[in-house]
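So you can see what is in the structure, the chains are spelled out below.
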Amino acid sequence: MDDHSLDEFRRRWQEELAQAQALRKRRRPEAAERRPRRPEVVSGRGEQQASGYLALAQGLLEGAGRPPAARATRAERQEAASRSRSPPARDAAGGREQLVDQLIRDLNEMDDVPFFDIQLPYELAINIFQYLNRRELGRCAQVSKTWKVIAEDEVLWYRLCQQEGHLPESSISDYSCWKLVFQECRAKEHMLRTNWKNRKGAVSELEHIPDAVLCDVHSHDGVVIAGYTSGDVRVWDTRTWDYTAPFLESEFEEDEPGMQPYVSFVRINSLLAVAAYEDGFLNIWNLRTGKYPIHRFEHDARIQALALSQEDATIATASAFDVVMLCPNEEGNLQIAAEFEVQKLVDYLEIVPDTERYPVAVATAGDLVYLLKAEDSARTLHYVYGQPVTCLDVSANQAAFGVKSLGWVYEGNKILVYSLEAERCVSKLGNALGDFSCVNLRDSPPNLMVSGNMDRRVRIHDLRTDSIALSISAHQLGVSAVQMDDWKIVSGGEEGLVSVWDYRMSQKLWEVHSRHPVRHISFNSHSLITAHVPYERVVRNADLDNFATHRRHRGLIQAYAFAVDQLAFQSTVPICRSACDAMPGYNYDLALAFPPDRI
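Residues numbered from 1 in each chain as written. Predicted model: local features only at pLDDT ≥ 70, side-chain atom pairs only at ≥ 80, totals over all residues. Heavy atoms only, no water.

Trainee: For this particular structure, what's the right way to read the overall build of the protein chain?
Mentor: In terms of helices and strands, the protein chain carries eleven helices and 34 strands. Intrachain contacts of the protein chain at a sequence separation of at least 6 include 47% that bridge at least 24 residues. For the protein chain, the accessible surface area stands at approximately 32,600 Å², while carbon and sulfur atoms represent 49% of it. (Helix = DSSP H or I, 4+ residues; strand = E, 2+ residues; numbered from the N terminus. Contact = heavy atoms within 4.5 Å. Areas by Shrake-Rupley, 256 points an atom, 1.4 Å probe, with all protein chains shown as cover.)

Printed below as a string of structure tokens:
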């Protein structure tokens, strides 16, 4: 109703009430029980409108539906809305007049409900709905047919898939129903989480090299690289379940057998594979071109630390008191981008991810922490005399490292978090008696960080409050490797135990044991890669080359798959998989935190 019709309705309603009261006063008492007769009115246009308004009000009061009315223009609706906000004038006519006033205000409010098909263009409605999550879109789809069409638009569900990390490389034209694709991805994610918790999946041991001991292991996105005492470097792609790994040749020409030095460090990303040797040589392979190195660099001394960027082809090496950063030029050839001189031998070296123009690295040398920028000289980020750094990890904006407290005033071992932009300490975390042996900042959820300590505990730190959110006694010896995501922690210990925890419940899900310390852990939603690297690099029992001998003395790399599409490999993870003729004393395969239902 417009404003003129409402005023007319109010006036006619009050006239009808006044006439009805006058008729009741003139009637005789014996006719009080009879039904009062409606007063006669002149059959004019105004009286017909009054009767129509009275019938409309009586029907609305009795619960009848509102009859369809002509749509008003936008200017009329705005004028009616502005008038409806002002309190109406109340006459002393009793409770029924107040009820009529409330009815009129409700009718005005019914005209103010926004419908996007009338007031807003479709594109503007999509821009508004893009800020809603999946639950809010589902609720909006239940409002009306128009809102259902908007809430199920392909653009909205495609953006939701991209925001939650589902099919990041797909375009909107690849699928016809992105809402269904989103539901399937959510169902698959739930199944993977269930397989993690229930220990369902496949575990495989990557093939080893005879007469060689494992020296170092690294992985990136399911691709594993390993270096051995024989000088061999092997690469596995666990995403294809093809464990026949190719050898990466160390030089262009053939070397004499048995003359290659040990492999000190190996690193890999989606583009390059890098290996550093004991004699100071550095070999770089392109994973797309072949098994022969594309670049070879020589250092004057042994390489003490090696770092490779996860995004591009930036490499950093530390040898003696020099740190060298290698970057590709415009032609794609690696060249020395920067050289830095430090005061002590480098212990840890990491490349900062997501740098815009120049590569940036963080290096620790004893009690010194350096910030190395390619366009600048080495800058001291942290230095406290007599407090060496025990571990290091970096993210795009921060660097976290463990500090060992020594001296007369013992303050406890801590983890310091520095802002790389401001170059100052922003958080001091922990107060442990043992040394912090590992820290993971890059792979942790936002505002959280996980660390391992030699006091056998795994700690989750809250960077917002500078406090410990959770502390778990996880291993019998010190913690050597750790990683976490939004619901679980995977930790490795010096005793060779790999434990999987649901840190929301503070509950251990399952564990796997091997002889050697765990030096590498890397996992995602559907796979887990662990590496057990021995302390000693001396080959034992070379004549008895069998799986048990290698497992005991030469190191082990294990790959776990929890993907739902690997049905042929699904089995309970902690079941032993060694040969039937293997001696029981050599069976170091797997151990259970909770026994399986059936074996």
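Trainee: Would you mind going over the packing of aromatic side chains with me for this structure?
Mentor: To describe a pair of aromatic rings, one takes the distance between the centres and the angle between the planes. Within this structure, the stated rule accounts for ten aromatic pairs. Ring centres 5.1 Å apart and planes at 75° place the aromatic pair Tyr175 and Trp178 in the edge-to-face group. Residues Trp510 and Phe562 carry aromatic rings whose centres are separated by 6.1 Å and whose planes lie at 45° to one another, so their mutual orientation is tilted. With a gap of 52 residues between them, Trp510 in strand 29 (residues 507–513) and Phe562 in the loop between strand 32 (556–561) and strand 33 (571–572) connect regions that are remote in the sequence. (Phe/Tyr/Trp six-rings, centres within 6.5 Å; stacked < 30°, edge-to-face > 60°.)

Trainee: Could you clarify how one ought to interpret the sheet that holds strand 13 (residues 334–341) in this entry?
Mentor: Strand pairing in a sheet takes place through backbone hydrogen bonds and is either antiparallel or parallel in direction. Strand order in the open sheet made by the four strands is 10-11-12-13, with antiparallel pairing throughout. Two strands lie at the open edges of the sheet, namely strand 10 (303–308) and strand 13, each paired on one side alone. When strand polarity is set aside, the average angle formed by the axes of neighbouring strands in this sheet is 20°. Bridge analysis of strand 12 (residues 322–328) against strand 13 gives seven bridges, and the strand direction is antiparallel. Pairing of Pro328 across the sheet is with Leu334, part of strand 13. (Pairing = 2+ DSSP bridges. Axes fitted to C-alpha atoms, helices over the stretch in contact; angles between N-to-C directions.)

Trainee: Any chance you could explain the environment of Trp157 here in plain terms?
Mentor: Checked against the element boundaries, Trp157 lands in helix 9 (residues 154–163). Remark: the alpha-carbon pair of Trp157 and Lys179, spanning 22 residues in sequence, is separated by 5.4 Å.

Trainee: I'm lost on the nonpolar core in this one. Help?
Mentor: A general tendency of soluble globular proteins is for nonpolar side chains to be buried together. In this structure, Val323, Val346, Leu349 and Leu372 are the most contacted members of the largest nonpolar core, which totals 19 residues. At the level of elements, strand 10, strand 11 (315–319), strand 12, strand 13, strand 14 (348–351), strand 15 (360–365) and strand 16 (368–373) are the ones that each hand at least two residues to this core. Setting aside its immediate chain neighbours within four residues, Leu349 contacts Ala305, Leu306, Ala307, Ala316, Thr317, Ala318, Val323, Ala361, Val362, Ala363 and Leu392. In terms of nonpolar packing, the next biggest core, distinct from the first, is built from 18 residues, Leu137, Ile150, Trp157 and Cys185 among them. (Core = buried A, V, L, I, M, F, W, Y, C linked by side-chain atoms within 4.5 Å. Buried < 20%, exposed > 50% of the residue type's maximum accessible area, 1.4 Å probe, protein only.)

Trainee: It is not clear to me how helix 9 should be interpreted in this structure. Could you clarify?
Mentor: Working note: α-helix, 3.6 residues per turn, so residues spaced by three or four point in the same direction. Of the positions making up helix 9, those classed as buried are Leu156, Trp157, Tyr158, Leu160 and Cys161. Of the surrounding elements, those touching the buried residues of helix 9 are helix 6 (122–129), helix 7 (134–140), helix 8 (145–151) and helix 10 (178–198). Residue Asp153 occupies the N-cap position of helix 9, its side-chain oxygen lying 2.9 Å from the main-chain nitrogen of Val155. Looking one or two places after helix 9, you find Gly165, whose phi comes out positive at around 85°. (Polar contact = N/O pair within 3.5 Å; in protein donor to acceptor, adjacent residues only side chain to side chain.)

Trainee: Help me understand the state of the cysteines, please; the structure alone is not making it clear to me.
Mentor: In protein structure, a disulfide is the covalent linkage between the sulfur atoms of two cysteines. With the rule as written, the count across this model stands at zero disulfides. Cysteine Cys185 remains unbridged, with the sulfur of Cys161 as its closest cysteine sulfur at 5.5 Å. For Cys185, a relative accessible area of 17% puts it in the buried group. (Disulfide = S-S within 2.5 Å.)

Trainee: Help me understand helix 10, please; the structure alone is not making it clear to me.
Mentor: The terminal C-alpha atoms of helix 10, which comprises 21 residues, lie 30 Å apart, in line with the 30 Å expected from a rise of 1.5 Å per residue. Considered for burial, the residues of helix 10 that qualify are Trp178, Val181, Phe182, Cys185, Leu192, Asn195 and Trp196. All buried residues of helix 10 lie within an arc of 145° about the axis, which places them on one face of the element. Exposed residues lying more than 90 degrees from the buried face of helix 10 are Glu184 and His190. At the C-terminal side of helix 10, Arg199 shows a positive phi close to 60°. (Expected span 1.5 Å × (residues − 1). Arc of directions from axis to C-beta.)

Trainee: So what exactly am I meant to see when it comes to the UniProt feature "repeat: WD" (unreviewed entry) in the protein chain here?
Mentor: UniProt annotation of "repeat: WD" (unreviewed entry) refers to residues 472–511 when read in the numbering used here. When the span residues 472–511 is considered, its composition is 0% helix and 62% strand, and the gap between its end C-alpha atoms is 15 Å. (UniProt positions renumbered as here; feature names shortened; annotations may be inferred.)

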